[in-house]
Amino acid sequence: ELFAPAAALPDDGGGDGEGSGEGGEGEGGNDGEGGGGCTLGGDGAPKEHNFTCTRFAGAFGPMMAEYVISHVLDHERRFARARDLQAAKTWDPEPFKHGPRKLSQCTLGILGYGQIGAAVGRAAKAFGMRCVALKRDPTTGVDAALVDAATANVSDVLAASDFVVNILPSTP
């Protein structure tokens, strides 16, 4: 492991989402103390270094939101099938006979509701999608304007969703 858990890193002043203990992407709270906090080697013991470790809080939410919405649109509008038919210089109207759903008819499940999850929810809501979020503690830190329902039960999210985005942290 190259870096210590987020709890050992200085707070960026954001106050929620990544590294704040509010669920979603990141664990533990930042205590605002600066300096080091990096570890090297397998023992996980802190080691002193002459550089400061940091994170990119808030940098990936908008990019991830665009990525998710583009793939939802690609799937609903069947762009890949249309591209294949165009390349083959054929037309088969069957896959397009019933037309795509409007995004406002779809539910997006967000597994991991931190800063990135909130950004994805914000983009989905702009298209009128219903959003269901998985959060360790669904009673705190959920913006009702972005999420229609929050739960700690992944089965509930999966059952309610047409599309699911997994942005859970890759932490043990």
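Quantities reported herein were computed from a predicted structural model and do not represent experimental measurements. (Residues numbered from 1 in each chain as written. Predicted model: local features only at pLDDT ≥ 70, side-chain atom pairs only at ≥ 80, totals over all residues. Heavy atoms only, no water.)

Draft legend 1. Structural detail: the pattern of salt bridges. Considering all chains together, one arrives at 4 salt bridges under this definition. As a salt-bridge pair, arginine 81 and aspartate 92 come within 3.6 Å of each other at their nearest N and O atoms. Taken together, the residues arginine 81 in helix H2 (residues 79-87) and aspartate 92 in the loop between H2 and strand E1 (107-111) connect sequence positions 11 residues apart. Relative accessible area serves as the criterion here: at 29%, aspartate 92 is assigned to the partly exposed category. In this structure, lysine 125 and aspartate 148 form a salt bridge, with 2.6 Å as the shortest nitrogen-oxygen distance. Residue lysine 125 is located in helix H3 (residues 115-126), and its partner aspartate 148 is located in the loop between strand E2 (130-134) and strand E3 (149-151); the two are separated by 23 residues in the primary sequence. When its relative accessible area of 40% is taken as the criterion, aspartate 148 is described as partly exposed. Put simply, Glu76, Arg101 and Asp162 are held in one network by salt bridges that share partners. (Salt bridge = Lys/Arg side-chain N within 4 Å of Asp/Glu carboxyl O. Helix = DSSP H or I, 4+ residues; strand = E, 2+ residues; numbered from the N terminus. Buried < 20%, exposed > 50% of the residue type's maximum accessible area, 1.4 Å probe, protein only.)

Draft legend 2. View of the nonpolar core. In terms of nonpolar packing, the biggest core is built from 16 residues, with Leu108, Ile110, Val120, Met129 and Val165 touching the most fellow members. Elements with a contribution of two residues or more to this core: helix H1 (61-77), E1, H3 and strand E4 (163-166). Ranked by residue count, the leading element in this core is H1, at 4 residues. Counting residues in hydrophobic clusters, the runner-up holds 5 residues, among them Ala118, Ala133, Leu146 and Val147. (Core = buried A, V, L, I, M, F, W, Y, C linked by side-chain atoms within 4.5 Å.)

Draft legend 3. Looking closely at the sheet that holds E1. Sheet architecture is open: 4 strands sit in the order E3-E2-E1-E4, paired in parallel fashion. Of all the strands in the sheet, the pair left with one neighbour each is E3 and E4. Averaged over all pairs of adjacent strands, the angle between their axes in this sheet comes to 20 degrees, without regard to strand direction. The sheet contact formed by E1 and E2 spans 5 bridges and is parallel. Directly across from glycine 109, in E2, lies its bridge partner valine 132. (Pairing = 2+ DSSP bridges. Axes fitted to C-alpha atoms, helices over the stretch in contact; angles between N-to-C directions.)

Draft legend 4. How the structure looks around the pairing of E1. Taken across its 5 residues, E1 has 5 buried, putting it largely inside the fold. Residues Thr107, Gly109 and Leu111 point to one face of E1 and Leu108 and Ile110 to the other, with burial holding for every one of them. The sheet contact formed by E1 and E4 spans 4 bridges and is parallel. Among the inter-strand pairings, isoleucine 110 is bridged to a residue of E4, identified as valine 165.

Without other data, these values stay purely geometric and don't point to any function.
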